[in-house]
Amino acid sequence: MSDKKTALVISAHAADFVWRCGGAIALHQELGYEVTVACLSFGERGESAKLWKQDGMTLEKVKSVRKAEAEAAAKALGVNDIRFLDLGDYPLRLDRDAQDQMVDIIREVQPKWMMSHSKWDPYNTDHMNTTQFALECRMIAQAWGHNPGQKVLGAPQLYLFEPHQTEQMGWKPNVFLDITPVWEKKKAAIECMQGQEHLWKFYTNVAENRGNHFRRNSGGMSGGRPAQYAEGFEAIFPQTVDELA
Ligand SMILES: [Zn+2]
């Protein structure tokens, strides 16, 4: 059981995981990981403008459309399990009950690594509050005194995926992941997000730009690896290694 490779993505809204780490999810699924995605909300109020412009739209309809889109995208990426906590958005309600739910999920999944948003996002406080929430829940999941008897969490890395309007967010990547082999899966997942069609081309450009950074940082003109598409991440915790790479 301890050999099972697992990962957990904590996404503020239903679509965030698709744009920001769809490649990492698809790639690790192919590497034998079971990836769980926890969507704290559907993004029903704040990230569904195209749906709200339709006549007769209601909150419940928007939520069900967003849920179906996220499930389709998760399927395209090979997500093992997607959970919807339905905590509301704009703003997210991240209270003690939400923490307890999330800690249970973390302990159940026992992720080898976790992912969430950038630490700072003045345009979307749901995103940065989710990162704080992820850090707090990771900490609680490590506490022997929280629900004694449950398996406590080790020390999974928390990777912060790339925010929108990157330069405004204080986000500085220190890991680039080549997602070229799974780009078609990420593209298929992106195209499930019918409500946010305006972002499809934008996130293709981001992946191409990060591919350039992958090439540059893997050796550049003197033997850098070709990579057409990549994703960048900011790792929060130090790595523990036996040999420097
Ligand atoms: Zn979002």
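For the structure, check the block above.
Definitions and limits used
- Residues numbered from 1 in each chain as written.
- Predicted model: local features only at pLDDT ≥ 70, side-chain atom pairs only at ≥ 80, totals over all residues.
- Heavy atoms only, no water.
- Salt bridge = Lys/Arg side-chain N within 4 Å of Asp/Glu carboxyl O.
- Helix = DSSP H or I, 4+ residues; strand = E, 2+ residues; numbered from the N terminus.
- Buried < 20%, exposed > 50% of the residue type's maximum accessible area, 1.4 Å probe, protein only.
- Donors = N, O, S within 2.8 Å, 3.2 Å for Na, K, Ca; no water.
- Tetrahedral: all angles 85-135°; square planar, octahedral: opposite > 155°, others 65-115°.
- 1 Å grid on protein atoms, 1.4 Å probe; cavity = no way out; pocket = protein on both sides within 12 Å on 5 of 7 lines; lining within 4 Å.
- Points joined across faces, edges and corners; volume = space filled by probe spheres on them.
- Nonpolar A, V, L, I, M, F, W, Y, C, P; charged D, E, K, R; others polar.
- Pairing = 2+ DSSP bridges.
- Axes fitted to C-alpha atoms, helices over the stretch in contact; angles between N-to-C directions.
- Contact = heavy atoms within 4.5 Å.
- Core = buried A, V, L, I, M, F, W, Y, C linked by side-chain atoms within 4.5 Å.

Trainee: Sorry if this is basic, but what is going on with the pattern of salt bridges here?
Mentor: Pairing is possible between side chains that carry opposite charge, provided their charged atoms lie close to one another. Evaluated as defined, the whole model comprises 16 salt bridges. Of the charged contacts in the structure, one is a salt bridge between arginine 20 and aspartate 16, with a shortest N-O distance of 3.8 Å. Placement of both arginine 20 and aspartate 16 in helix α1 (residues 16-30) is noted, with a separation of 4 residues, approximately one turn of the helix. Using a relative accessible area of 6% as the deciding quantity, one classes arginine 20 as buried. On the basis of relative accessibility, which here comes to 1%, the residue aspartate 16 falls in the buried class.

Trainee: Before we go on, may I ask you to explain the coordination of the zinc ion in this structure?
Mentor: Every protein donor of the zinc ion is accounted for by His13 (ND1), Asp16 (OD), Asp16 (OD), Glu47 (OE), Glu47 (OE) and His127 (NE2), and the metal-donor separations fall at 2.1 to 2.7 Å. What the 6 donor atoms of the zinc ion show is an angle range of 51 to 159 degrees at the metal, which sorts the shape as irregular. Sequence positions of the residues that donate to the zinc ion give the spacing H-x2-D-x30-E-x79-H. Of this pair, glutamate 47 sits in the loop between β2 (34-39) and α2 (49-52) while histidine 127 sits in helix α5 (residues 125-141), and the two are 80 residues apart along the sequence.

Trainee: Help me understand the layout of surface pockets in this model?
Mentor: The probe, sized like a water molecule, is rolled over the atoms to show the empty space still left. Taken as a whole, the largest pocket encloses approximately 560 Å³ of empty space. Around the largest pocket, the lining comprises 26 residues; the ones closest to its centre are Thr6, Gln110, Pro111, Lys112 and Trp113. Where the lining of the largest pocket is concerned, the elements lending two or more residues are β2, β3 (81-84), α4 (96-109) and β5 (157-161). Among the residues forming the lining of the largest pocket, the class breakdown is 10 nonpolar, 9 polar and 7 charged. Along the wall of the second largest pocket there are 20 residues; nearest its centre are Glu47, Tyr90, His164, Gln196 and Leu199. Broken down by element, the residue count for the lining of the second largest pocket peaks at 3 residues, all from α1.

Trainee: How should the sheet that holds strand β7 (residues 230-235) be read in this particular structure?
Mentor: In sheet architecture, strand pairing relies on hydrogen bonds along the backbone and comes in two forms, parallel and antiparallel. With mixed pairing, the 7 strands of this open sheet are ordered in space as β3-β2-β1-β4-β5-β7-β6. A single partner strand is all that each edge strand has here, and the edge strands are β3 and β6 (175-178). Taken over all neighbouring pairs, the strand axes of this sheet differ in orientation by 25 degrees on average, direction set aside. Contacts between α5 and the sheet are confined to β1 (6-11), β4 (113-116) and β5, with β4 contributing the most and set at about 155 degrees to the helix.

Trainee: What am I meant to see in the nonpolar core here?
Mentor: For soluble globular proteins, the rule of thumb is that nonpolar side chains tend to be buried together. By size, the foremost hydrophobic cluster in this structure holds 40 residues, and its most contacted members are Val9, Phe17, Cys21 and Ile25. Among the secondary structure elements, those contributing two or more residues to this core are β1, α1, β2, α3 (59-77), β4, α6 (183-190) and α7 (200-217). The element best represented in this core is α1, accounting for 8 residues. Dropping the residues within four chain positions of it, valine 9 is found in contact with Phe17, Cys21, Ile25, Val35, Thr36, Val37, Ala38, Trp113, Met115 and Phe161. Ile105, Ile106, Phe133 and Ala141 belong to the second-largest nonpolar core, a separate cluster that totals 25 residues.

Trainee: So what exactly am I meant to see when it comes to the environment of alanine 98 here?
Mentor: Secondary-structure assignment places alanine 98 in helix α4. Classification of alanine 98 as buried rests on a relative accessible area of 1%. Separated by 43 residues in sequence, alanine 98 and aspartate 55 place their C-alpha atoms 33 Å apart.

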